[in-house]
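# Structural description and commentary
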Amino acid sequence: MIQFRYSFSEREVFMILFLQEAIELAVPQAIEELAGGKIVYSDPRSPAAVETETLTIFGKQSITEEVGGIKYEYPLHGFFQVYPEMFTKALTDIRAEVAKLPADLPVYDLYSGVGTIGIALAKDGRKVTGIELFPESLEYAQRNAAEAGVNIDFIEGAVEEHLPELPQESIIILDPPRSGLHPKIIKLLLEYQPQHIVYLSCNPLTQARDLALLQEQYTFTNPKLFNFYPRTPHVESLLILKKL
């Protein structure tokens, strides 16, 4: 399998070639002309293409993309939205919704990744703390925040470890994986009851499941859908929740 990545802002193409055998393979000249990439071994027993072992790397190993006037760097093998223009629209709506809330409320960006949402809100003058499990993502987030000229506190660790420590008077940003929120996170949110939750989801079905549980303590407004993945059945969904 070959995976291509494209930077719209830098106009650069990257590639990852997944092999099911760990063999030496010369990099063709045409591939070397790309901005960067690598050849990796992917264990055929895995249900998805994964990087089991890196065989060859060439060129850049990180990609830079601009969203909402802010540049973000992320690792070649990392996750980032593939449609920056549409993500900018979603981010603009998130910033507008958060701007309606009291200016003194701190923002906690859970699953903060490389800092896309948190850095944008910090640009608007919000006090932001990002929580992220993966150290590599945190390194890029800190680099991106410095490049953007904003101060953000980043905490390494699982969301469920730090959620009970957060103040109730706060704004929570949720952008979880497609599987949605773990039942443990739902339970903690219902116990901790932050004033406001901004929930961006790449899977409206799991978001609806989570909302059915959160409606015990929350009402929601301004539901919006974004076509992040043109010509596919997938959409991104944004909900703004407020404590009853």
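Scope of this entry: the structure provided in the associated data block. Just so we're clear, the structure is a prediction, and the values are computed from it rather than from any experiment.

Criteria and cut-off values
Residues numbered from 1 in each chain as written. Predicted model: local features only at pLDDT ≥ 70, side-chain atom pairs only at ≥ 80, totals over all residues. Heavy atoms only, no water. Core = buried A, V, L, I, M, F, W, Y, C linked by side-chain atoms within 4.5 Å. Buried < 20%, exposed > 50% of the residue type's maximum accessible area, 1.4 Å probe, protein only. Helix = DSSP H or I, 4+ residues; strand = E, 2+ residues; numbered from the N terminus. Contact = heavy atoms within 4.5 Å. 1 Å grid on protein atoms, 1.4 Å probe; cavity = no way out; pocket = protein on both sides within 12 Å on 5 of 7 lines; lining within 4 Å. Points joined across faces, edges and corners; volume = space filled by probe spheres on them. Nonpolar A, V, L, I, M, F, W, Y, C, P; charged D, E, K, R; others polar. Patch = residues over 30% accessible without salt bridge, like charges linked within 9 Å, V, L, I, M, F, W, Y side chains within 5 Å. Areas by Shrake-Rupley, 256 points an atom, 1.4 Å probe, with all protein chains shown as cover. Salt bridge = Lys/Arg side-chain N within 4 Å of Asp/Glu carboxyl O. Arc of directions from axis to C-beta. Pairing = 2+ DSSP bridges. Lys, Arg positive; Asp, Glu negative; His and termini not counted. Polar contact = N/O pair within 3.5 Å; in protein donor to acceptor, adjacent residues only side chain to side chain.

## With respect to the nonpolar core
Counting 45 residues, the largest nonpolar core has Ile117, Ile119, Ile171 and Val198 as the members making the most contacts within it. Ranked by the residues each element gives to this core, the list is headed by helix 2 (residues 84-99), at 6 residues. Among residues more than four places away in sequence, those in contact with Ile171 are Val98, Leu101, Leu105, Pro106, Val107, Tyr108, Arg126, His196 and Val198. Judged by nonpolar contacts, the second largest core, of 22 residues, contains Leu110, Leu174, Leu189 and Tyr199.

## A short note on the layout of surface pockets
By volume, the largest pocket is sized at about 1,000 Å³. Mapped onto the lining of the largest pocket, the elements with two or more residues apiece are helix 3 (116-123), strand 8 (128-132), helix 4 (135-148), helix 5 (159-162) and helix 6 (183-192). Broken down by class, the residue content of the lining of the largest pocket amounts to 18 nonpolar, 12 polar and 8 charged. Here the second largest pocket defines a volume of roughly 310 Å³. Lining of the second largest pocket is provided by 15 residues; of these, Gln3, Arg5, His77, Gly78 and Phe79 occupy positions nearest its centre. Of all the elements, strand 1 (residues 2-7) adds the most residues to the lining of the second largest pocket, at 3 residues. Within the lining of the second largest pocket, the residues separate by chemical class into 10 nonpolar, 3 polar and 2 charged.

## Comments concerning a nonpolar patch on the surface
Nonpolar side chains collect at one region of the surface, where Ile2, Phe4, Tyr6, Phe8 and Val13 lie side by side and expose about 470 Å² of accessible area between them. Among the elements that line the nonpolar patch, the one with the most residues is strand 1, at 3 residues. By secondary structure assignment, the location of Phe8 is in the loop between strand 1 and strand 2 (12-19). The exposure class of Phe8 is partly exposed, given its relative accessible area of 45%.

## Focus on helix 7 (residues 204-214)
Within the sequence span of helix 7, burial applies to Thr206, Gln207, Asp210, Leu211 and Leu214. Down the axis of helix 7, the smallest arc covering the buried residues is 140°, so these residues share one side. Within helix 7, the exposed residues directed more than 90 degrees away from the buried face are Leu205 and Ala212. In the core, the buried residues of helix 7 are packed alongside helix 6, strand 11 (196-201), strand 12 (218-226) and strand 13 (236-243).

## Notes on the pairing of strand 3 (residues 36-41)
Most of strand 3 is tucked away, with 6 of its 6 residues classed as buried. Where burial is concerned, the two faces of strand 3 agree: the one with Gly36, Lys38 and Val40 and the one with Gly37, Ile39 and Tyr41 are both buried. Both strand 2 and strand 3 contribute to a ladder of 6 bridges, which runs parallel. Pairing of Phe18 across the sheet is with Val40, part of strand 3. Bridge count between strand 3 and strand 4 (residues 53-59): 6 bridges; the pairing is antiparallel. Across the sheet, Gly37 pairs through a bridge with Phe58, a residue of strand 4.

## What about the side chain of Arg126?
With respect to the helices, strands and loops of the structure, Arg126 is situated in the loop between helix 3 and strand 8. For the buried Arg126, no salt bridge exists, and the shortest N-O distance to an oppositely charged side chain is 6.2 Å, to Asp104. Here the side chain of Arg126 touches Pro102 through a polar contact of 2.6 Å, landing on its backbone oxygen.

Honestly, that's just the spatial picture; any functional story needs more than this.
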